[in-house]
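Next come the chains, spelled out residue by residue.
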Amino acid sequence: MIEVQNLTKRYGATIAVDHLTMTIEDHHIYGFLGPNGAGKTTTLHMITGCLAADSGNVKIDGYDILRAPLQAKSRIGYLPEQPPLYDDMTPEEFLRFVGEAKGLRGKKLRTAVDSVMERTSIADMRRRLIRNLSKGYRQRVGIAQAILGDPATVILDEPTVGLDPLQVTEMRTLIRELAQSHTVVFSSHILSEVSALCDRVLILAQGHLLAEDTPEHLSAHMPGLHRLIVTVRGEPDAAVSRLRQLPDTTVVILSSTGTETQIQLESASDRRESVSAALAAAGIPLLGMTLETATLEDVFLDLTRSETSEEFKEEV
Amino acid sequence: MRAIYKRELRSYFTGFTGYLFLALMLLFAGIYVSIINLTNAYPTFEFTLYNMDYVYLIILPILTMRVFAEDRRRHTSELLYSMPLRLSSIVLGKYFALVTVLAIPCIVFCCFPAIFSLYGTVNLMTSYSSIFAFFLMGAALLAVGMFLSSLTESQVVAAVLSFGAVLLSYLMASLTAYIPASAYHSLFYFVIVILLCAVIIRFLTKSTFFAACCAIVAELLLTILYICKASLFEGLFAKFLSALSVFSRYENFMAGLFDFAGLVYYFTIIVLFLLFSVFSLERRRWC
């Protein structure tokens, strides 16, 4: 478990991380989400001890990262945004070096290195120089380095940046596999990735934690975002005038071909029943209806827009 | 520490830096041995080393420039910081690797006096103690260069800084002859040195208040000392500068003396700059 309390970091006059408090529980995949410059990397750097905080503290399984760095650091594996690799070594040599630095020796070291190479599928490349590896493989070596020594928590900073679509899929599979035996925290600014992988989302903007919840909860709590697309037979006028009579609903005509009309309704709650009843009462044939609930994208945009974020924080 | 030491040592010999360093050291030694000891038939290897000590100016920066600067540029410093390692063991691991590389040519040098002794009378004691002193001086300069490398992420800047520092130390002995010896001048130079130190402290700690306090306290003490006993200051600055000359300490060994104070001096420099390197690494986490 990682406890972060009142973490603050200033770079000159700008505050990168501002009194951040959060808890990362064991056995979850956490998505650390935020626009560029939100303070994600700075926060991860402080959690892993690469950077010292101006104030506040970080505890890993109860060990303070600055006061008991060795115990704290042996419980986390970290892959920074740029995989920290020595180009003049082969993955096997590099992992042996990291393993030894993490205190593994002899047979233990050999089996640990073999097992992480197996898990990250880099065993075929073990004798090539890291310099000659593709970006995807370099990232894998980076992850192998992080999980070496079996730390309880693995922290990955933007692990899919710069990978091609196939490599991104492979990386996501790898992250899911890692989550079976480790707590995984990964940062990203790609929303679909976070909603596909995580069971917890932390949203960060301008150094503040804006929300912390499951992706489903965040979407469900999103106000004013039940969007209904209704397709009806015939001209729009009759249908629109009928639907406008529904309370608290905005109605917009999306398209009309003369024989078919598509209308969008936005309301605070699910209005499917009242819409179908109203149309049936007016004798307008209903051809189709789709309900779009808020995606994580909507939540994210809404939260990071500063004027609305405060109210939403209270509501959540 | 062992892991860092092994990796560093290996890295000198997977690239060309280690070989370049060895080749240059042995080349220069070879040239001077053939001129001084073989052609002119002097049995003193210490004289050879004395003549080639300027080699350190050129080739030590080759070794030290990449020590920390490279880690910073390649982002492997983040790996070092996030692994369960003490900063002191990172510094020591890297330093011992440097010293090991330096030890290789010094071990080769040990063959020369032994070979000479086959053909005449050689004072082996002075020869070997001078090789040891030569090695120790190199080790002290390596500690300085390593510290300078920890200040920057550019290898070129690290090399230039390191070259500058070694050059200054090399010239220091001759420069001191031109320093006015009067107490008043000494005071003036010390005031400037304290101000410079304050600027460095400001740079290292990022605290103007702390640096200003240090400067004020130091200047006050200096002034009080000057008022109480001005005669103490006569020629003091020249003495202070010659204390910074790493090379002049070495001359005693060349003259056949086993200078115990010199050994202490070199060890002090090594310990001091290793500590500075640890501080410098720690400081980098704070900004």
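Participant: Would you mind showing me how to read the overall build of chain A here?
Facilitator: The number of helices and strands found in chain A is 12 helices and 14 strands. Radius of gyration (C-alpha) of chain A: 25 Å, far over the 20 Å computed for a compact globule of 316 residues. Burial status across chain A gives 50% buried among its 316 residues. Long-range pairs, those at least 24 residues apart, make up 68% of the contacts in chain A between residues at least 6 apart in sequence.

Participant: Even after reading the chapter, I still don't get the domain arrangement of chain A, so can you show me in this structure?
Facilitator: Note: interface size is frequently given as the accessible area lost on complex formation between the parts. In terms of domains, chain A is made up of domain 1 (2-216) and domain 2 (226-292). On a C-alpha basis, the centroid separation for the pair domain 1 of chain A and domain 2 of chain A is 48 Å.

Participant: Just to check I follow, could you spell out the packing of helix α11 (residues 183-205) of chain B against helix α13 (residues 236-243) of chain B for this structure?
Facilitator: Relative placement of two packed helices is described by the angle separating their axes and the distance separating the axes. All names here are of chain B. Running from N to C, α11 and α13 cross one another at 45°; their axes reach a closest spacing of 8 Å. With respect to their mutual orientation, α11 and α13 come out oblique. Seen from α11, the contacting residues are S186, Y189, F190 and V193; seen from α13, they are L236, F237 and F240. Grouping the constituent residues of the contact of α11 with α13 by class yields six nonpolar, one polar and no charged.

Participant: Is there a simple way to explain the interface of chain B and chain A in this structure?
Facilitator: The interface of chain B with chain A comprises 24 residues on the first partner and 31 residues on the second. Counting each side, the surface lost to burial between chain B and chain A is near 2,700 Å², with a carbon and sulfur contribution of 60%. On the chain B side of the interface with chain A, the three residues burying the most area are R7, P84 and R285 of chain B, jointly 24% of the side's total. Our count for the contact surface shared by chain B and chain A stands at four salt bridges. A salt bridge links E93 of chain A to R10 of chain B, with the nearest nitrogen and oxygen atoms 2.7 Å apart. Counting the contacts that link chain B with chain A gives nine residue pairs in polar contact (both at pLDDT 80 or more).

Participant: What's the story with the sheet that holds strand β12 (residues 249-256) of chain A in this structure? I'm lost.
Facilitator: Note on sheets: strands pair through backbone hydrogen bonds, and any given pair is parallel or antiparallel. Residue and element names in this part refer to chain A. The antiparallel open sheet is built from four strands, whose spatial order is β12-β13-β11-β14. Here the strands that pair on one side only, and so sit at the sheet edges, are β12 and β14 (286-292). Direction aside, the axes of adjacent strands within the sheet are offset by 20° on average. For strand β11 (residues 226-233) and strand β13 (residues 260-267), the ladder comprises eight bridges, and the chain directions are antiparallel. Along β13, the bridge assignment pairs H226 with S267. Strands β11, β13 and β14 of the sheet are contacted by helix α10 (residues 272-282), whose axis makes an angle of about 165° with β14.

Participant: Help me understand helix α1 (residues 40-48) of chain A in this model?
Facilitator: It helps to recall that an α-helix has 3.6 residues per turn; residues three or four apart then point in one direction. The buried count for α1 of chain A comes to eight of nine residues, which makes it a mostly enclosed element. Those residues of α1 of chain A that fall on the buried side of the exposure criterion are K40, T42, T43, L44, H45, M46, I47 and T48 of chain A.

Participant: So what exactly am I meant to see when it comes to unusual backbone geometry here?
Facilitator: Among all residues except glycine, the phi angle is most often negative; among peptide bonds, the trans geometry is most common. Residues and elements named next belong to chain A. At H19, a residue that is not glycine, the phi angle is positive and equals roughly 45°. Relative to the helices and strands, H19 is located in strand β2 (residues 14-24). Judged by its relative accessible area of 45%, H19 falls in the partly exposed class. The phi dihedral of E158 falls on the positive side, at around 45°, and the residue is not glycine. The residue E158 is located in the loop between β7 (153-157) and α6 (165-179) in this model. Relative accessible area serves as the criterion here: at 6%, E158 is assigned to the buried category.

Participant: What's the story with a negative patch on the surface in this structure? I'm lost.
Facilitator: A cluster of acidic residues, E3, E25, D26 and E212 of chain A, forms a negative patch on the protein surface. Of note, E3 of chain A is situated in strand β1 (residues 2-11).

Participant: Looking at this structure, how should I read the sheet that holds β2 of chain A?
Facilitator: All names here are of chain A. Taken in spatial order, the four strands make up an open sheet running β2-β1-β4-β5, and their pairing is antiparallel. Lying at the two open borders of the sheet, with one neighbouring strand each, are β2 and β5 (63-64). Relative to β5, strand β4 (residues 55-60) runs antiparallel, the two being bridged by two bridges. Residue pairing across strands places K59 opposite D64, the latter belonging to β5.

Participant: Would you explain the side chain of T152 of chain B in this entry?
Facilitator: Residue and element names in this part refer to chain B. Residue position: T152 is located in the loop between α9 (124-149) and α10 (155-175). Polar contacts involving the side chain of T152 include one to the main-chain amide nitrogen of S154, which spans 2.9 Å. Residues contacting T152, with those up to four places away along its chain left out, are A69, R72, V157 and A158.

Participant: Before we go on, may I ask you to explain the nonpolar core in this structure?
Facilitator: Within soluble globular proteins, side chains that are nonpolar tend to cluster in buried spots. Among the nonpolar cores identified, the biggest contains 151 residues, and F94, F97 and I203 of chain A together with F109 and F134 of chain B are the most heavily contacted of them. For this core, the leading source of residues is α9 of chain B, giving 15 residues. Membership of the second largest hydrophobic core comes to 13 residues, among which are V251, L265, V275 and L279 of chain A.

Participant: Would you mind showing me how to read the side chain of S150 of chain B here?
Facilitator: Residues and elements named next belong to chain B. Of note, S150 is situated in the loop between α9 and α10. Polar contacts involving the side chain of S150 include one to the side chain of S280, which spans 2.8 Å. Among all residues touching S150, those that are not within four sequence positions of it are F68, R72, S277, S280 and R284.

Participant: Before we go on, may I ask you to explain the packing of α11 of chain B against helix α12 (residues 208-228) of chain B in this structure?
Facilitator: All names here are of chain B. α12 packs onto α11 with a crossing angle of 165° between their chain directions and a minimal axis gap of 8 Å. Between α11 and α12, the angle falls in the class roughly antiparallel. Like other packed secondary-structure pairs, α11 and α12 cross with a definite hand, here right-handed. Side by side, α11 and α12 meet where A183, Y184, L187, F190, V191, I194, L195, A198, I201, R202 and T205 of the first sit next to T208, F210, A211, C214, A215, A218, E219, L222 and Y226 of the second. Split into classes, the residues belonging to the contact of α11 with α12 amount to 16 nonpolar, two polar and two charged.

Participant: Just checking my understanding: could you explain the pattern of salt bridges for this structure?
Facilitator: Proximity of charged atoms lets side chains of opposite charge pair with each other. According to the stated counting rule, one finds 21 salt bridges over all chains in the structure shown. Salt-bridge contacts for E92 of chain A lead to R127 of chain A; the nearest nitrogen and oxygen are separated by 3.0 Å. With a gap of 35 residues between them, E92 of chain A in helix α3 (residues 91-101) and R127 of chain A in the loop between α4 (106-119) and α5 (135-147) connect regions that are remote in the sequence. Among the ionic pairs, E8 of chain B bridges to R7 of chain B, the shortest N-O distance being 4.0 Å. Neither E8 of chain B nor R7 of chain B differs from the other in exposure class; each is buried. Here the salt bridges do not stand alone but share partners, grouping D88 of chain A together with R7, E8, R66, D71 and K94 of chain B into one network.

The rules behind each value
- Residues numbered from 1 in each chain as written.
- Chains lettered and ligands numbered in written order.
- Predicted model: local features only at pLDDT ≥ 70, side-chain atom pairs only at ≥ 80, totals over all residues.
- Heavy atoms only, no water.
- Helix = DSSP H or I, 4+ residues; strand = E, 2+ residues; numbered from the N terminus.
- Rg over C-alpha atoms; globule rule 2.2 N^0.38 Å.
- Buried < 20%, exposed > 50% of the residue type's maximum accessible area, 1.4 Å probe, protein only.
- Contact = heavy atoms within 4.5 Å.
- Domains from an automatic or database assignment.
- Axes fitted to C-alpha atoms, helices over the stretch in contact; angles between N-to-C directions.
- Parallel < 35°, antiparallel > 145°, perpendicular 65-115°, else oblique.
- Nonpolar A, V, L, I, M, F, W, Y, C, P; charged D, E, K, R; others polar.
- Buried area = accessible area lost by both parts, 1.4 Å probe.
- Salt bridge = Lys/Arg side-chain N within 4 Å of Asp/Glu carboxyl O.
- Polar contact = N/O pair within 3.5 Å; in protein donor to acceptor, adjacent residues only side chain to side chain.
- Pairing = 2+ DSSP bridges.
- Patch = residues over 30% accessible without salt bridge, like charges linked within 9 Å, V, L, I, M, F, W, Y side chains within 5 Å.
- Areas by Shrake-Rupley, 256 points an atom, 1.4 Å probe, with all protein chains shown as cover.
- Lys, Arg positive; Asp, Glu negative; His and termini not counted.
- Charge placed at Lys NZ, Arg CZ, Asp CG, Glu CD.
- Core = buried A, V, L, I, M, F, W, Y, C linked by side-chain atoms within 4.5 Å.
- Left-handed = near helix turned anticlockwise from the far one by under 90°.

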